[in-house]
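Reading the structure
Read off the chains here:
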Amino acid sequence: MAYDIDMIKKVYSNLPARIEAARKLLGRPMTFTEKILYSHLSDKLPATPCKRGTDYVDFQPDRVGMQDATAQMALLQFMQAGRSKVAVPSTVHCDHLIQADIGAKEDLETAITKNKEVYDFLASVSNKYGIGFWKPGAGIIHQVILENYAFPGGMMIGTDSHTPNAGGLGMIAIGVGGADACDVMAGLPWELKFPQLIGVKLTGKLSGWTSPKDVILKVAGILTVKGGTDRIVEYFGPGAESISCTGKGTICNMGAEIGATTSIFTYDKKMSDYLKSTGRTDLALLADGVAEHLKGDKEAYENPEKYFDQVIEIDLNTLEPHVNGPYTPDLAWPISKFAQAVKDNGWPKELEVGLIGSCTNSSYEDIGRAASLAKFAVENGLKTKSEYTVTPGSEQVRYTVERDGYLAWFEKMGGVVLANACGPCIGQWARHTKDPNKKNSIITSFNRNFSKRNDGNANTHAFVSSPELVTALSIAGDLTFNPLTDTLTNDKGQQVKLPEPTGVELPSAGFDVKDRGYQEPATDGSKVQVLVSPDSQRLQLLDPFSAWEGVDIKNLRLLIKVKGKCTTDHISMAGPWLKYRGHLDNISNNMLIGALNIFNEKTDNVKNAVTGEYGSVPAVQRAYKAAHVGTVVVGDENYGEGSSREHAAMEPRFLGVRVILVKSFARIHETNLKKQGMLAVTFANKSDYDKIREDDTIDVLGLTTFTPSVQLTMVLNHADGTKDEIKLNHSYNENQIEWFKAGGALNIIRSQVKA
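As the structure is a computational prediction, the values presented were derived from the model and not from experiment. Numbering of residues begins from 1 in every chain and follows the order in which that chain's sequence is written. Local features in this predicted model are restricted to residues of pLDDT 70 or higher, and side-chain atom pairs are both shown and tallied only at a pLDDT of 80 or more, whereas totals for entire chains, interfaces and linings draw on every residue. To obtain the side-chain values, all non-hydrogen atoms of the structure were included, while hydrogens and water were left out.

1. Overview of the sheet that holds strand β9 (residues 231-236)
At least two DSSP bridges between two strands are needed for those strands to be called paired. Helix numbering and strand numbering both begin at the N terminus, where a helix is a DSSP run of H or I of at least 4 residues and a strand a DSSP run of E of at least 2. Taken together, four strands build an open sheet; the order of strands is β10-β9-β8-β11 and the sheet is parallel. Two strands close off the open sheet at either side, each with one partner strand: β10 (262-265) and β11 (310-315). Pairs of neighbouring strands in the sheet enclose a mean axial angle of 20°, with direction left out of account. Sheet analysis places strand β8 (residues 196-203) next to β11, joined by six bridges and oriented parallel. Residue pairing in the sheet places G199 in a bridge with V311 of β11. Any two residues whose heavy atoms approach within 4.5 Å at even a single point are treated as in contact. Note on geometry: axes are C-alpha line fits, over the in-contact stretch for helices, and angles between N-to-C directions span 0 to 180 degrees. Against the sheet, helix α10 (residues 245-253) makes contact with β9 and β10, and its axis sits at roughly 160° relative to β10, the strand it touches most.

2. Structural notes on the packing of helix α1 (residues 5-26) against helix α12 (residues 281-289)
At a minimum axis separation of 11 Å, α1 and α12 run at an interaxial angle of 5°. In this view, α1 runs roughly parallel relative to α12, as classed from their interaxial angle. Of the residues in α12, those touching α1 at I5, I8, K9 and Y12 are D282, L283, L286 and A287. Residues are grouped as follows: Ala, Val, Leu, Ile, Met, Phe, Trp, Tyr, Cys and Pro are nonpolar; Asp, Glu, Lys and Arg are charged; all remaining types, including Gly, are polar. When its residues are assigned to classes, the contact of α1 with α12 shows six nonpolar, no polar and two charged. In what follows, roughly perpendicular refers to angles from 65 to 115 degrees, roughly parallel to angles under 35, roughly antiparallel to angles over 145, and oblique to any angle outside these ranges.

3. Description of helix α11 (residues 269-277)
Each residue is placed in one exposure class: buried if its accessible area under a 1.4 Å probe, protein chains only, is under 20% of its type's maximum, exposed if it is over 50%, and partly exposed if it falls in between. Those residues of α11 that sit buried are M271, S272, Y274, L275 and S277. Looking at the buried residues of α11, the elements they touch are α6 (141-148), α10, β10 and α12. Counted as a polar contact is a pair of N or O atoms within 3.5 Å, where, for protein atoms, one must be capable of donating a hydrogen and the other of accepting one, and residues adjacent in sequence contribute only when both atoms are in side chains. N-capping of α11 is provided by D268, with a side-chain oxygen placed 3.1 Å from the backbone N of K270. G279 occupies a position one or two residues after α11 and carries a positive phi of about 80°.

4. Details of the side chain of E694
Position of E694 relative to the elements: it lies in the loop between β29 (679-683) and β30 (697-701). Neither His nor the chain termini are counted; the positive set is Lys and Arg, and the negative set is Asp and Glu. In the sections that follow, a salt bridge refers to a side-chain nitrogen of Lys or Arg positioned within 4 Å of a carboxyl oxygen of Asp or Glu. This buried residue, E694, is left without a salt bridge; K607 holds the nearest opposite charge, at 4.9 Å. Within the structure, E694 has its side chain in polar contact with the side chain of Y614 (distance 3.0 Å). Once residues within four sequence positions are removed from consideration, E694 is found in contact with L558, N597, F599, K607 and Y614.

5. With respect to the sheet that holds strand β31 (residues 712-717)
With mixed pairing, seven strands are arranged side by side around a closed barrel as β22-β27-β28-β29-β32-β31-β30. Here the strands of the sheet are splayed against their neighbours by 40° on average, with no regard to which way each runs. Inspection of the sheet shows β30 paired to β31 by five bridges, in the antiparallel sense. The residue of β31 that forms the bridge with T697 is N717.

Encoded structure:
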């Protein structure tokens, strides 16, 4: 379980020389982000500086983290790579498959029984290949990583979009698909488009009701869900130094909601204190010894406009508490304007459920500040009018906050403590509701609030805020309540005003835990058997995808032309489908069932151009596959935003979709498609989206001379005998074109390892 201190010593010993060489190459001061990126290049420095937003660069991350839902497919792919052991420290965390229903104990017991074959597979494959295994109940991957493995100046990739949580400890941590993780675990370089940089200068200091969550809620409102695409957000300034390490983690975690490659804070005393509090004093001392290299150069922060592509400044002294939503995490409302927004938009003002915790907001500080309000409520005759749940981020946090009395106050107030797992945040929630057809409102301290995200109900208006504000609004049971100005009526009929929340960053008695829930892998896994039943409905060994035929792709049919937002939740839903994450054939039955067909304004209803009949998207695509007819999926802006869900790329590939054509892609999803050998392209002229008709027969030309930066051509052969010819852009580099030709990156990895 111990973090690899020898690996970290090696990183730190190489850091000064690598940074100095990079500084000479650039000929100018460097930001902290640049220092880490250049020090983790997989080869020697290039002859010229990496071009931001243009050059694809190979990196060598220090570690890999995988959550159980995505780890299944990642490790099924790794098993094909031909290695006997992972090349870098790697861990698996069982956090996604535990459904929230009754309470922590009962829900965990149910999950262990229900998911036994998946857990057995993950435990055995981890044991065989030298991977650390965190059992169900141990906690959510990002909190466990922060507590045990993250370190300043390191680089990590993880098969979850909220991997950037580790940026709270000064680490470049990036969410990826399983194929990317497979590359790194196989000892190969990991490729990324060298990102542009957004600098966020924080001044002042948080106080009162305002919390670290409000920083990222404000930033999301400024940048929107796509404003961080292909960019890294670096926070700096005196305000940044005043925020706790776990508060920094919250901000970095939710940077995924603006599409950022990752987010990061520079090393400071708050991080050092957190390392010491979590039993890593030796690491803190090492980091203190190279502290000058774990932050940007002074000149970069004195004149940030010269060194960042965009600069945002936020004064924490004047920052208001925020509530974001509904349906999108970038619709930002200061608390002073939120009540009026609820009234003006006709959102249900009655708050049915408030939920705190998750990987975003489950630190000791978060739970403590929310518990201070629960304690006041209980002592002053108040209980929650809304259903209220608490999801601890790890067993270490849960054990410690229970020891210190926090959980008892939540229970006395009427709350329910759920398992240390993702639960309602990812749709793993057996919500108790009398009328699912009724428009209703919930509020969470989670990170994501897309339609149907939490409970599968399109009638649910989900809002995102801090644990403190969620708690206050749950006590009131009313979205229009403003705890900064309004009062509540207690059980004696008295008017009561909630006090400002209080709490400490770290436990004075230190963290404690009886059982962390960790399994150390076998030293020699050669005799360990990986457990996969050939009759399993939840696990399926993979067969390689076929290579490109070597000719232009013609006579394709349109599967679906998607209207509006299409996240990875729309492409491959979570919730009840999580149980099939290790079985590609079965989970492919959810492909694009949440996407809206522009031709009939319906979901999961598309025309089979061969038969003329309408049917479910997966069923129609399976019919095309059986008839050896390739298809095209057409989408709108920021297609594939949200989770790092690799299944959203693998399912279309598996069922025979040949081309994904959209106005623009979200970063992780575009990479996932490329890794699987899919042709992922964008309209050169976005208005050409309107030219695509339901009955088109489609040709893609130019593939025999597929070259970086050279457009492809699509011919739309309309049913009335007319045709349109449109140009397609792509972002494939030479390596990625080879992935396409080989039928997927994994096919190339396998051949390289064998060689």
